[in-house]
Amino acid sequence: MRARKSGLPRDPRPATPQADPRRKTLRLDQQLLDRARQALGARTETDAITQALEAVVGREHRVWGLRLLATLGPIKPAPID
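Residues numbered from 1 in each chain as written. Predicted model: local features only at pLDDT ≥ 70, side-chain atom pairs only at ≥ 80, totals over all residues. Heavy atoms only, no water.

Caption draft 1: A look at the overall build of the chain. Counting its secondary structure elements, the chain contains two helices and zero strands. By the burial criterion, 7% of the 81 residues in the chain qualify as buried. Here the chain displays about 7,900 Å² of accessible surface, and carbon together with sulfur accounts for 55% of that area. (Helix = DSSP H or I, 4+ residues; strand = E, 2+ residues; numbered from the N terminus. Buried < 20%, exposed > 50% of the residue type's maximum accessible area, 1.4 Å probe, protein only. Areas by Shrake-Rupley, 256 points an atom, 1.4 Å probe, with all protein chains shown as cover.)

Quick look at the structure:
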């Protein structure tokens, strides 16, 4: 992940959401795809692949947020009354 001039990591999300579905030909392990579809509760193989890709992108965004939070330094615990 590249750092910006400010020293903060760049936001991994695209500038604008893109919904441009395209037909693709992929070689995938059918058993893995079936397991992913079942684990995700997806109706179709396309839904399973889409959900899996969204999970990867979401994970990248969470990691980015945690790294950004880490730049703020340690968090002081709140006093317990």
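Caption draft 2: Region of interest: the layout of surface pockets. Size it by volume and the second largest pocket reaches roughly 160 Å³. As for the second largest pocket, its lining consists of Leu26, Leu28, Asp29, Leu32, Leu33, Ala36, Ala48, Ile49, Ala52 and Leu53. Contributing elements (two or more residues each) for the lining of the second largest pocket: α1 (30-40) and α2 (45-70). For the lining of the second largest pocket, the element with the highest residue contribution is α2, accounting for four residues. Split into classes, the residues belonging to the lining of the second largest pocket amount to nine nonpolar, no polar and one charged. (1 Å grid on protein atoms, 1.4 Å probe; cavity = no way out; pocket = protein on both sides within 12 Å on 5 of 7 lines; lining within 4 Å. Points joined across faces, edges and corners; volume = space filled by probe spheres on them. Nonpolar A, V, L, I, M, F, W, Y, C, P; charged D, E, K, R; others polar.)

Caption draft 3: Up close: α1. Capping of α1 at its N-terminal end is provided by Asp29; its side-chain oxygen lies 2.9 Å from the backbone amide nitrogen of Gln31. Phi turns positive, to about 70 degrees, at Gly41, one or two residues after α1. (Polar contact = N/O pair within 3.5 Å; in protein donor to acceptor, adjacent residues only side chain to side chain.)

Caption draft 4: Representation of a nonpolar patch on the surface. On the surface, Leu66, Leu69, Leu72 and Ile75 cluster together to form a nonpolar patch covering roughly 470 Å² of accessible area. By the secondary structure assignment, Leu72 is in the segment after α2. On the basis of relative accessible area, Leu72 is assigned to the exposed category, the value being 68%. (Patch = residues over 30% accessible without salt bridge, like charges linked within 9 Å, V, L, I, M, F, W, Y side chains within 5 Å. Salt bridge = Lys/Arg side-chain N within 4 Å of Asp/Glu carboxyl O.)

Caption draft 5: Expanded view of the packing of α1 against α2. The contact between α1 and α2 brings their axes to 9 Å, and the two run at 75 degrees. With respect to their mutual orientation, α1 and α2 come out roughly perpendicular. Here Gln30, Leu33, Asp34, Ala36, Arg37 and Leu40 of α1 lie close against α2, whose contacting residues are Glu45, Ala48, Ile49, Gln51 and Ala52. (Axes fitted to C-alpha atoms, helices over the stretch in contact; angles between N-to-C directions. Parallel < 35°, antiparallel > 145°, perpendicular 65-115°, else oblique. Contact = heavy atoms within 4.5 Å.)

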